[in-house]
Amino acid sequence: MKLVLLGPPGAGKGTQSAAISARYNVPHISTGDILREAIKQGTELGKYAETFMSKGELVPDETIIGIVAERLKQPDAAKGFLFDGFPRTVAQAESLDKVLAESGNALDAVISLEVDEEEVVKRLSSRKVCADCGAISAAPADNNDKCKACGGKLYTRTDAQPDAIRTRLQVYRAQTEPLIAYYTNKGIIHPIQAEGTIEQVSDRISESLTA
Ligand code: AP5
């Protein structure tokens, strides 16, 4: 399966990805995670990306398209993939279509998570992420800032400041939301109501993909 998970910041893309990639036995490829790892490693890419990410702006298309083209060459992506946070602009979507078409392939489905802005601001303001295993946590206060999965230290992402959240939502509306129409025209979009419990959202995704 060749899948894309689309949705505003805080919609639950990262949260839902583990179950979907396990169900279809495909790698979960998050461009945000790749960039954050580059920042952690202090690479040139990381230093460059951080100047955009800390403000909530998109990293330029040519950088992202290069990263994704390299990632798709890895053997595990031959059987399919789940993209999380990519594509984010029409230029990125067109580039992905082109790369896939070169090997006679195309996307199977785009899962579009739909959630109110008020709810995503609430989710993003309280989220913590494990520095060791990357697990996403919604309620760290009750476990002493330790990851429930591995005991690692939890941190707040630098793009969780109120100004950066506002910018990320504006950027989503202006640059990423047009992809809903792009994929609707291709007949592969699966709109999913992403409020309710994590399990309810997961069930809706499963039902939609198997319908
Ligand atoms: P990226 O890492 O992709 O971040 P994002 O799209 O802004 O999304 P988030 O990771 O913030 O949210 P999510 O939808 O994954 O929600 P989560 O599951 O964590 O990108 C970061 C930055 O990198 C971008 O701003 C940009 O600068 C750059 N970048 C990345 N890709 C790029 C690209 N292709 N082009 C250009 N630049 C790029 O959930 C959020 C919280 O809600 C968690 O606490 C979770 O526990 C909670 N939650 C989840 N589901 C529920 C639920 N059903 N009920 C209650 N709480 C829930």
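The text that follows walks through the structure, step by step, so that each part is easy to find.

**Examining the overall build of the chain**
Argument step 1. A count of helices and strands for the chain gives 9 helices and 8 strands.
Argument step 2. At 17 Å, the chain has a C-alpha radius of gyration in line with the 17 Å of a compact globule built from 211 residues.
Argument step 3. Counting only C-alpha atoms and orienting by the principal axes, one finds that the chain spans roughly 50 × 40 × 35 Å.
Argument step 4. The buried share of the chain, reckoned over its 211 residues, is 46%.
Argument step 5. At a minimum sequence separation of 6, the contacts of the chain that also span at least 24 residues come to 68%.
Argument step 6. For the chain, the exposed surface amounts to about 10,700 Å²; the carbon and sulfur share of it is 52%.
Argument step 7. In the chain, which carries 25 positive and 29 negative side-chain charges, the distance between the mean positions of the two groups comes to 4 Å.

**Notes on the nonpolar core**
Argument step 1. Formed by 26 residues in total, the largest nonpolar core has its most connected members in Phe83, Leu96, Leu107, Val110 and Tyr183.
Argument step 2. At 4 residues, helix H4 (residues 61–72) tops the list of elements feeding residues into this core.
Argument step 3. The contact partners of Tyr183, leaving out residues within four places of it in the chain, are Pro87, Ala93, Leu107, Val110, Ile188 and Ile189.
Argument step 4. If you look at the next biggest cluster of nonpolar residues, it comprises 19 residues, including Ala109, Leu113, Val115 and Leu169.

**Remarks on the sheet that holds strand S2 (residues 28–30)**
Argument step 1. Ordered in space as S2-S3-S1-S4-S8, the 5 strands form an open sheet in which the pairing is parallel. Looking at the sheet topology across the chains shown, the edges are occupied by S2 and strand S8 (189–193). Neighbour to neighbour, the strand axes of the sheet diverge by 20° on average, direction disregarded.
Argument step 2. Across 4 bridges, the pairing between strand S1 (residues 2–6) and strand S4 (residues 109–114) is parallel. Paired with Leu3 across the bridge in S4 is Ala109.
Argument step 3. The sheet contacts of helix H2 (residues 31–41) involve S2 and strand S3 (81–84), and relative to S2 the element is tilted by about 60°.

The rules we used
- Residues numbered from 1 in each chain as written.
- Predicted model: local features only at pLDDT ≥ 70, side-chain atom pairs only at ≥ 80, totals over all residues.
- Heavy atoms only, no water.
- Helix = DSSP H or I, 4+ residues; strand = E, 2+ residues; numbered from the N terminus.
- Rg over C-alpha atoms; globule rule 2.2 N^0.38 Å.
- Buried < 20%, exposed > 50% of the residue type's maximum accessible area, 1.4 Å probe, protein only.
- Contact = heavy atoms within 4.5 Å.
- Areas by Shrake-Rupley, 256 points an atom, 1.4 Å probe, with all protein chains shown as cover.
- Lys, Arg positive; Asp, Glu negative; His and termini not counted.
- Charge placed at Lys NZ, Arg CZ, Asp CG, Glu CD.
- Core = buried A, V, L, I, M, F, W, Y, C linked by side-chain atoms within 4.5 Å.
- Pairing = 2+ DSSP bridges.
- Axes fitted to C-alpha atoms, helices over the stretch in contact; angles between N-to-C directions.

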